[in-house]
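Residues per chain, in single letters:
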Amino acid sequence: MSYSKFDLTFKIGQYLDRHLVFPLLEFLAAKETYDQSELLQAKLEILSKTNMIDYVIDIRKMLYLDEDTPEDIKSRRGIVLSQLQELQDAVEPVLRLMQRDDVMKTVETMRDPKTLINHLTTNKEFEFKVEMIDSMYRLAKYRYECGNYVESASYLYFCQLVMSPTDKNYLPVLWGKLASEILVQNWDGALEDLTKLREFIDNGGAGATASNMQALQQRTWLVHWSLFVFFNHVKGRDLIIEMFLYKPLYLNAIQTMCPHILRYLATAVIINRSRRNALKDLVKVIQQEAYTYRDPITEFIEHLYVNFDFEAARRKLNQCQAVLLTDFFLIACLEEFVENARLMIFETFCRIHQVISIGMLAENLNMQPDEAECWIVNLIRNARLDAKIDSKLGHVVMGAQPLSPYQQLVERIDSLAVRSEALTSLVERKQKTRNQDIRWGTQEF
Amino acid sequence: MSRFFATGTDSESESSSEDEPVVRAPAPVYTFSDDEEETKRVVRSMKEKRYEELEGIIHYLRNHRKIKDFSSALASFEELQKAYTRAAPVVAKEENGVAPRFFVRALVELEDWVSSAWADRDSRKTLSKGSSKALTSLRQKLRKYTKDFEAEVAKFREDPDLPDDDEEHKDSSSSDESDDEEKVKEKPRARRSPEPPRRPPPQDDESSDSMDWGSSSSDSSESSDDETRGATTIRERFLKRNTEREDDEEKDRRKTKIRRDRTVKVSKKDQADDGGEWETVKGGKGAAISDKPKMFAKDSDIDAALVVKKLGEISAARGRKRTDRRAQLELLHELRTVAAQHNLGDALQLKLRAATVAALFDYNPKVSDAMKPEYWSRLVENVDQMVTLLLGHEDMVLSENFTEEQEQLVTPPFQVRGCLLTALERLDDEFTKLLKECDPHSNEYVERLKDEVRVSALIDRVCQVVERDGTPQEICRAYLRKIDHLYYKFDPRAVRKDLPPGEETTIKKMERFCKYIYAHDETDRLRTRAILSHIYHHALHDNWFQARDLLLMSHLQETVQHSDPSTQILYNRTMANLGLCAFRRGNVKEAHGCLAELMMTGKPKELLAQGLLPQRQHERSKEQEKIEKQRQMPFHMHINLELLECVYLVSAMLIEIPYMAAHEFDARRRMISKTFYQNLRASERQALVGPPESMREHAVAAARAMRRGDWRACLNFIVNEKMNAKVWDLMVGADNVRAMLGRLIREESLRTYLFTYAHVYASLSLRSLADMFEMPRQRVHSLVSKMIINEELLASLDDPSECAILHRSEPTRMQALALQLADKVGNLVDSNERIFEKQGSFFQRGGQQRGEGRQRERPREGWNRRTRNRRRDDERGDD
């Protein structure tokens with residue numbers, strides 16, 4: 001397919017964990033954009049470094065239909081299982097502890113890791129030792145590699161509670177937790193972890209920001225991982241704009257490391273009707289980075305808001321749909337995107353034009369004339385548009401008339417008197433208080 | 001010599017005379033010295049007579065002093081005064097008017113004696129009336145008289161311990177009386193007599209003795225004398241601290257001298273007189289190389305240690321005032337030949353080469369002047385040889401970290417003390433100086449410039465060496481030199497699409513070097529320079545985005561004013577080039593932003609270090625001028641100023657004219673570009689405007705045409721044959737630039753037209769607009785739409801008829817003024833509120849405001865300081 005050149009899977013894949021790439025590959029497999037066996041091969045490649053042996057065997061079967069599973073893989077399975085058992089034994093008490101709801105409740109109420117550890121170690125009943133934290137972390141990692149994300153997430157949760165932020169494993173724990181939450185699709189938890197991780201990185205937590213370079217890398221990773229969360233969580237659409245566009249550090253990271261993220265940012269801005277004011281900033285960023293990255297979505301915005309070339313914008317909108325269809329993150333918001341993009345075109349149109357012919361409008365919006373008329377009528381009815389339809393000529397006539405200079409003047413000076421008055425009263429009040437305290441008053445001036 | 005430079009600049013002026021003997025030395029030397037001898041003898045008798053007289057009186061005076069005979073002392077003193085007055089002409093002639101030392105000593109002693117006698121009140125009281133009277137008057141007279149010799153006395157008092165020369169003097173005079181001395185023996189004495197006054201003030205004697213020095217330097221026995229004197233000057237410098245050691249050294253040296261002298265005699269037996277010696281001088285360059293062949297005793301075993309010792313001897317003389325630098329060079333050369341003859345190894349060769357390089361650098365006594373081209377090319381040769389040696393031996397390391405003791409010259413791994421990089425850097429600097437010295441429009445300059453290839457090649461090779469065994473910091477330094485020779489050159493291969501594989505363009509090279517420096521540099525300076533050069537290079541090849549991003553990421557525009565002048569110059573050059581690049585790419589606004597700062601001041605020439613402008617207010621001091629001259633760029637690196645100005649004016653026009661049209665009634669209109677504005681105003685004031693001649697006039701004429709909305713005239717003024725020849729053809733991709741100009745001028749003219757004439761239209765057909773400005777309809781539509789969206793044009797489009805319907809809401813003059821007033825009042829209220837809010841910290845207001853201004857600015861937008869300033873002005877305007 002021709003749109004595979006806009007496929008970002010490989011670019012994004014570089015910044016993701018192995019396990020996180022799976023959903024993307026699954027998606028691609030479902031879309032059938034690429035050769036199936038190639039994809040399977042890729043999957044196998046990824047799995048080779050994990051411990052998901054069963055999965056490997058399955059894929060091998062699909063890939064090499066008639067071949068038997070090699071012995072070494074089978075034996076590895078055994079090793080993996082025994083290792084897992086070993087690790088599990090090491091932290092047996094903790095696992096038991098985690099089974100008990102009452103204990104977990106008290107654990108959760110304690111915010112400070114030190115007191116928590118104190119509580120756990122002093123209480124003989126728990127058989128808890130400090131060394132177990134590390135073992136716990138290792139177990140969680142192992143579990144994660146085996147694909148048991150749910151367990152991994154819960155273990156890591158415990159680790160998080162017990163570890164102090166200065167621990168060398170704290171950062172990996174945060175990352176692991178985020179990955180696990182994403183993979184079990186627990187978006188609330190994932191969002192929480194995401195915020196935690198971001199704060200940790202931004203505040204220069206141990207290991208995260210040893211150098212600017214590392215911090216930049218961490219941020220780039222975070223930007224990519226957060227895509228999973230933002231496009232699945234309800235609040236994600238506001239948050240993505242907030243984080244990518246209005247946090248200079250992350251905007252810088254995007255601009256220097258991964259301008260392709262602009263696609264997601266642009267989409268987020270387009271589908272977020274309440275954040276129209278972000279458009280201006282977005283346009284600036286897109287223009288600035290136009291030489292390193294462009295795809296139909298950024299070009300759509302450029303055409304619409306920089307060149308006011310509606311014809312080109314329309315063409316791009318067509319392309320956008322195709323691109324969105326092949327994008328793992330964006331496919332869910334295709335409908336919304338198209339609707340909002342149309343609205344954007346139309347709004348811009350209305351601001352510029354006095355009279356628009358419905359035919360032309362329909363053409364620009366990729367709609368049938370009847371459909372377009374219906375759409376406009378709906379807009380007018382919802383009081384979102386001050387316009388009338390001249391059905392005889394097939395025109396939409398805008399209602400808004402510009403302000404006369406007189407009105408402008410009145411508007412401008414309207415508030416002046418009130419404001420000045422408020423100010424004088426404030427000054428007077430202040431004067432009074434100052435007079436009460438003469439000592440200060442004389443000193444100040 | 002170098003020690004000398006460090007101490008002060010006055011040495012520079014005097015050292016100029018030191019060149020002279022070199023030029024003058026060869027043939028006439030001997031006749032000269034003969035003459036001199038004769039005159040000397042005549043003078044001496046005259047002088048001796050006077051001095052004798054003085055001395056006799058001083059002797060009496062001393063006797064009187066011993067018996068405390070004040071009245072006789074007074075008489076003697078008066079006599080002494082008279083005698084000295086008589087001797088004055090001799091003194092003036094012989095000693096440059098500086099009183100002889102024995103005389104000064106007498107004065108000082110007398111003074112001491114008198115003052116001690118005066119201070120001793122008890123004994124003074126016991127004196128007879130006549131004696132005390134004599135003492136008083138003696139004291140007063142003495143005081144008056146010594147005033148004339150204040151300098152000498154002070155000098156004397158500084159180190160009274162020096163061997164008093166009157167003994168010597170007497171000695172010589174007595175020998176004079178005996179009158180039977182042979183020539184050889186007499187000469188040093190005769191020379192010695194003028195010596196004492198030479199010691200005290202080092203400036204005066206310089207010119208006179210450098211002359212007779214050069215003439216007699218061939219005499220080998222003389223040179224021992226020379227060294228004692230060198231020693232005494234050093235002693236003067238260090239006072240009494242290391243006199244003993246000095247003396248030892250002196251002795252040693254004398255011994256070697258004597259030995260050498262002996263060898264002279266042995267080897268030169270057949271050559272009876274001095275003239276014979278001359279014939280042996282190969283190359284016949286210096287007068288002082290007469291002892292060249294007697295480097296070693298004939299039968300001595302020459303090995304590395306001996307050569308090193310010899311080298312130590314030679315270089316010990318380095319930096320002395322009296323050292324003949326040319327002779328040193330010759331000696332080193334000879335030593336090298338000897339070492340080569342005896343196969344003493346490459347490490348030794350390397351060491352000798354390094355010493356030669358150092359001596360070559362010493363050769364030029366003035367830091368500010370360039371060295372002579374032939375010496376410079378010898379320098380290149382030597383450094384090149386060093387590199388060849390180093391590259392030829394894997395196990396040979398040249399580093400300044402080795403001490404003399406650690407050197408390994410005989411057995412591998414060889415370790416040699418020295419610094420290739422420093423030599424290279426100075427060599428490069430000298431090259432630049434050489435270029436600056438000659439007239440850039442002459443053939444000579446071209447000839448010199450051909451050497452640039454040599455320098456570049458040499459730098460390449462040095463880079464190889466440094467890469468092999470240098471520290472990262474050294475590699476950075478070497479790379480920076482490389483970059484310095486690379487960044488301003490346009491590589492035509494870089495813009496070609498079909499680059500043969502495997503070929504590395506300069507862009508790639510720059511990238512490689514710069515990245516290394518970014519990663520490994522520890523001093524900020526190298527990195528800054530590397531970044532600037534990198535930006536420059538990108539800009540030169542039209543890589544606008546890369547250049548821009550690099551600049552923005554480096555945040556240099558905020559810190560550059562704290563860096564050293566040469567870095568600032570580089571920054572200015574980079575900005576100029578970035579501006580040109582932006583312009584070529586059609587980013588007019590950015591071009592203007594880059595160039596505004598340079599052009600605002602009206603002296604881009606100075607900012608780019610491409611020439612000194614005469615200053616009106618205050619004259620530059622000599623020093624200042626010298627320093628500024630040193631900073632100048634060599635001609636081949638210059639940026640065309642006319643091109644720069646033209647680009648600036650055209651971009652200013654493209655921005656300013658529509659802006660002016662849009663804000664005709666706006667009270668808060670500000671000038672975007674002051675320089676351009678002034679030019680325009682000046683032209684408008686003229687009663688009669690002739691056809692444009694210069695580039696500037698063309699730009700102004702074009703601007704005026706654009707104000708009328710006459711794009712065709714505007715374009716014709718900007719792009720015509722004259723301007724092509726003057727400006728546009730100088731650009732890479734001139735045709736693209738012209739096409740871009742045509743497009744931009746049309747667009748901006750259209751905007752100006754709309755701003756200016758909108759009020760006379762009720763509706764405007766986009767079609768006819770497109771025809772009028774010969775633009776595609778789509779483009780007109782987009783431009784008009786943009787103006788409508790930005791509320792610059794109060795209109796809306798009528799889609800079916802493709803017309804822009806203008807709303808009759810252009811305010812009348814009265815209304816516009818009313819709106820202005822309302823605006824101003826509004827601002828007043830705003831600022832009132834602001835003041836009120838800040839009342840608590842009223843006095844910090846200014847600071848806060850500035851801080852605000854900076855905050856509001858996002859770093860990626862922050863183009864340069866100029867915009868920031870403007871913004872600040874704005875805020876002030878608001879208040």
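These notes cover the structure that comes with them.

Cut-off values and rules
Residues numbered from 1 in each chain as written. Chains lettered and ligands numbered in written order. Predicted model: local features only at pLDDT ≥ 70, side-chain atom pairs only at ≥ 80, totals over all residues. Heavy atoms only, no water. Phe/Tyr/Trp six-rings, centres within 6.5 Å; stacked < 30°, edge-to-face > 60°. Helix = DSSP H or I, 4+ residues; strand = E, 2+ residues; numbered from the N terminus. Buried < 20%, exposed > 50% of the residue type's maximum accessible area, 1.4 Å probe, protein only. Lys NZ or Arg CZ within 6 Å of the ring centre and 35° of its normal. Axes fitted to C-alpha atoms, helices over the stretch in contact; angles between N-to-C directions. Parallel < 35°, antiparallel > 145°, perpendicular 65-115°, else oblique. Left-handed = near helix turned anticlockwise from the far one by under 90°. Contact = heavy atoms within 4.5 Å. Core = buried A, V, L, I, M, F, W, Y, C linked by side-chain atoms within 4.5 Å. Buried area = accessible area lost by both parts, 1.4 Å probe. Salt bridge = Lys/Arg side-chain N within 4 Å of Asp/Glu carboxyl O. Polar contact = N/O pair within 3.5 Å; in protein donor to acceptor, adjacent residues only side chain to side chain. Pairing = 2+ DSSP bridges.

1. Quick word on the packing of aromatic side chains
Step number 1: A complete count under the given rule lists 25 aromatic pairs over all chains for this structure.
Step number 2: Plain terms: the ring middles of Tyr264 of chain A and Phe329 of chain A are 5.5 Å apart, the flat faces sit at 90° to each other, and that makes the pair edge-to-face. With Tyr264 of chain A in helix α16 (residues 262-271) and Phe329 of chain A in the loop between α19 (310-325) and α20 (334-352), the pair connects residues that are 65 residues apart, well separated along the chain.
Step number 3: In this structure Phe329 of chain A comes out as buried when scored by relative accessible area, which is 4%.
Step number 4: On the numbers, 5.7 Å between centres and 70° between planes, the contact of Tyr753 of chain B with Phe773 of chain B is edge-to-face. Pair noted here: Tyr753 of chain B is in helix α38 (residues 734-757) and Phe773 of chain B is in the loop between α39 (766-772) and α40 (777-789), with a separation of 20 residues, a long-range link. Grouping residues by exposure puts Tyr753 of chain B and Phe773 of chain B together as buried.
Step number 5: Chaining the aromatic ring pairs together yields one cluster made of Phe27, Phe228, Phe231, Tyr264, Phe328 and Phe329 of chain A.
Step number 6: Of note, Arg219 of chain A hangs over the ring of Tyr250 of chain A, and the distance from its end group to the ring centre comes to 5.7 Å.

2. Examining the packing of helix α26 (residues 524-540) of chain B against helix α27 (residues 544-554) of chain B
Residues and elements named next belong to chain B.
Step number 1: The geometry of α26 relative to α27 is characterised by a closest axis approach of 8 Å and an angle of 160° between their N-to-C directions. Taken together, the axis directions place α26 and α27 in an arrangement best described as roughly antiparallel. Here α26 runs over α27; the crossing is left-handed. Together, Ile531, His534, Ile535, His538 and Ala539 of α26 and Gln546, Ala547, Leu550, Leu551 and Ser554 of α27 make up the contact between the two elements.

3. Some points on the nonpolar core
Step number 1: Formed by 312 residues in total, the largest nonpolar core has its most connected members in Phe158, Phe244 and Phe300 of chain A together with Phe583, Met653 and Trp728 of chain B.
Step number 2: Here this core gets 15 residues from one element, more than from any other, and that element is helix α33 (residues 641-662) of chain B.
Step number 3: Excluding residues within four positions of it along the chain, Phe300 of chain A makes contact with Ile270, Ala313, Lys316, Leu317, Cys320, Ala341 and Ile345 of chain A.
Step number 4: Leu54, Ala87, Val91 and Phe156 of chain B belong to the second-largest nonpolar core, a separate cluster that totals 33 residues.

4. Thoughts on the interface of chain B and chain A
Step number 1: Taken residue by residue, the interface counts 39 residues in chain B and 42 residues in chain A.
Step number 2: Here chain B and chain A share an interface that buries about 3,600 Å² over both sides, 60% of which is from carbon and sulfur atoms.
Step number 3: Our count for the contact surface shared by chain B and chain A stands at two salt bridges.
Step number 4: Of the charged contacts, one joins Arg419 of chain A and Asp830 of chain B as a salt bridge, the two residues approaching to 2.2 Å between their closest N and O atoms.
Step number 5: Linking chain B with chain A are nine residue pairs in polar contact (both at pLDDT 80 or more).
Step number 6: Those elements giving two or more residues to the side of chain B that touches chain A turn out to be α27, α40, β4 (795-798) and α41 (813-837) of chain B.
Step number 7: Note: strand β1 (residues 353-357) of chain A against β4 of chain B, two bridges, orientation parallel. By the bridge assignment for β4 of chain B, Val355 of chain A is matched with Asp798 of chain B.

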